[in-house]
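The chain contents come next:
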Amino acid sequence: MKESLFNYRFEYENQKYIFNTNNNGLIQINNDIFTEEEREYLRVNRFWVDDNEDEIALLEREINHNIQKRQKELELTIALTNYCNFSCVYCYQNKNEKLMTTEVANMIIEKIDRILNDNIFEGINIHYFGGEPLLNIPVLIYLDENIKKITDKIGIVYKAFLTTNGSELLQKVKFSSIQLTFDGLEKTHDRLRVSDHFHFKEEIELIENIMNFSQAKVLLRTNICKENKDEIIALHKYIFEKFGNERIEINPNRTIKYHQDDSFEMLSVQEYAEVAYQIKLLWSEQKGKFELPVPRSTPCKFPYGNAYAISPEGYCTFCSGSMDQEKKYFFDVDIENKKMFSVRKECKKCNILPLCLGGCIIQYNLRAGACTYEKYELKNILISYIKHIS
């Protein structure tokens, strides 16, 4: 028997621990001499594995099995336009005035109808995206009404999600969640977002309207860079104090430089990890529970799963961050043809691998760092968990 590649050893208050990133297990040990019963426990729970076992190959097989098996939901991110009324300093998109037409919308609706009538999925999630999606409200309503007709007829669940800069609010669509982006406290947010008509105060008012006039959750996205990292915790505290946490979800992100002349400073993964850990502590305090990191069952669902991003022209790409990479219509996509997952060479000795499965492909290709923040903060996370359960 040999120790698992995915074991992470650490000490806290003179006690030794092992956390296995592939089974989510945390154990305390006294030393490395075990009884027969203890060795059996370690073997069954895969802290120890057979000498000839190739854990990377086994992980690849398990992940590819998960990719190929039936998924419950179809995920579509539909960019209704490339145009936006903001000029955020970190925006990766090539802005133009293209709007999705009803002709393109009809192609998407027809494809959705065919897919869902094959009884492959139990539900469909549509993420209305842009640019600013509410600059093309007529097509959004047209898509929403027709997708509802399809799902009502078949009897499956349809959920609509919106990513918006908040300058418009659509009342006619029943959104499950509305994602709003805050990039710091008032002065920093307004400087990074670059708009002459909709600012921090108005976006706070929009949250109030969502809370008062809809049932949607608010997904609080923060794009974190050197310019705002020192006020991100204060921002979250402000939001929680004002609106509570029952209908607030958080979505912190490291802001990535897609262009060398972008006017902000990108954090390294390690720098971002320090902020992300503090956000995790605050969120755990809000929710009254602290959770261990969980291994991923599949990699990013865009290149490997049942998730597709669709441009205003109807082209299908594997991610909303790569809208200009491929020229294949969503109508022509074979959703049964799944990409196979393999671990990159540089990841094969990493004991954190099951937590990220190599991370974001786009960030990796940009050489912007694709590792999960937990690689740098895992000991602190595990110690915080031990304190929480003690």
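Whatever comes next refers back to the structure up there.
Definitions and limits used
- Residues numbered from 1 in each chain as written.
- Predicted model: local features only at pLDDT ≥ 70, side-chain atom pairs only at ≥ 80, totals over all residues.
- Heavy atoms only, no water.
- Pairing = 2+ DSSP bridges.
- Helix = DSSP H or I, 4+ residues; strand = E, 2+ residues; numbered from the N terminus.
- Contact = heavy atoms within 4.5 Å.
- Axes fitted to C-alpha atoms, helices over the stretch in contact; angles between N-to-C directions.
- 1 Å grid on protein atoms, 1.4 Å probe; cavity = no way out; pocket = protein on both sides within 12 Å on 5 of 7 lines; lining within 4 Å.
- Points joined across faces, edges and corners; volume = space filled by probe spheres on them.
- Nonpolar A, V, L, I, M, F, W, Y, C, P; charged D, E, K, R; others polar.
- Core = buried A, V, L, I, M, F, W, Y, C linked by side-chain atoms within 4.5 Å.
- Buried < 20%, exposed > 50% of the residue type's maximum accessible area, 1.4 Å probe, protein only.
- Polar contact = N/O pair within 3.5 Å; in protein donor to acceptor, adjacent residues only side chain to side chain.
- Salt bridge = Lys/Arg side-chain N within 4 Å of Asp/Glu carboxyl O.
- Arc of directions from axis to C-beta.

Looking at the sheet that holds strand S6 (residues 73–79)
At step 1: The strand order S11-S10-S9-S8-S7-S6-S12-S13 describes an open sheet built from 8 strands, whose pairing is mixed. Here the strands that pair on one side only, and so sit at the sheet edges, are strand S11 (248–254) and strand S13 (316–317).
At step 2: Contacting strand S10 (217–224) and S11, helix H8 (residues 269–287) crosses the sheet at an angle of about 170° to S11.

Side note on empty space enclosed by the protein
At step 1: Taken as a whole, this structure holds 1 cavity of 30 Å³ or more when the rule is applied.
At step 2: Considered as a void within the structure, the largest cavity measures approximately 30 Å³ in volume.
At step 3: For the lining of the largest cavity, the residue count by class is 3 nonpolar, 1 polar and 3 charged.

Let's talk about the nonpolar core
At step 1: Core analysis: the largest hydrophobic core is formed by 81 residues, its most contacted members being Leu 76, Ile 112, Tyr 128 and Leu 143.
At step 2: Among the elements that make up this core, the one with the highest residue count is H8 (8 residues).
At step 3: Excluding residues that lie within four positions of it along the chain, Leu 143 makes contacts with Ile 78, Leu 80, Met 100, Ala 105, Ile 108, Ile 109 and Tyr 128.
At step 4: With 11 residues, the next largest nonpolar core counts Ile 56, Leu 59, Ile 67 and Leu 357 among its residues.

A look at the environment of Asp 32
At step 1: Along the chain, Asp 32 turns up in the loop between strand S4 (25–29) and helix H1 (36–44).
At step 2: Considered as a pair, Asp 32 and Lys 16 are 16 residues apart in the sequence and their alpha carbons are 10.0 Å apart.
At step 3: There is a polar contact of 2.8 Å between the side chain of Asp 32 and the side chain of Arg 9.

Things to note about the pattern of salt bridges
At step 1: Counted by the stated rule, this structure contains 15 salt bridges.
At step 2: A salt bridge links Glu 75 to Lys 301, with the shortest nitrogen-to-oxygen separation between them at 3.7 Å. A residue pair is termed long-range when its members are at least 10 positions apart, and Glu 75 in strand S6 and Lys 301 in helix H9 (residues 301–304) qualify at 226 residues.
At step 3: On the accessibility criterion, Glu 75 (12% relative accessible area) is buried.
At step 4: Accessibility expressed as a relative area gives 41% for Lys 301, which makes it partly exposed.
At step 5: In this structure, Asp 230 engages Lys 229 in a salt bridge whose closest nitrogen and oxygen atoms are separated by 3.1 Å.
At step 6: Assessed through its relative accessible area of 31%, Lys 229 is described here as partly exposed.
At step 7: Salt bridges linked by common partners bring Glu 3, Arg 9 and Asp 32 together as one network.

Quick look at helix H5 (residues 186–193)
At step 1: Where H5 is concerned, the buried positions are Thr 188, His 189, Leu 192 and Arg 193. End-on view of H5: buried residues confined to an arc of 120°, all on one side of the axis.
At step 2: At its buried positions, H5 is contacted by strand S9 (175–181) and helix H6 (200–213).
At step 3: Directly after H5, the chain includes Val 194, whose backbone phi takes a positive value near 55°.

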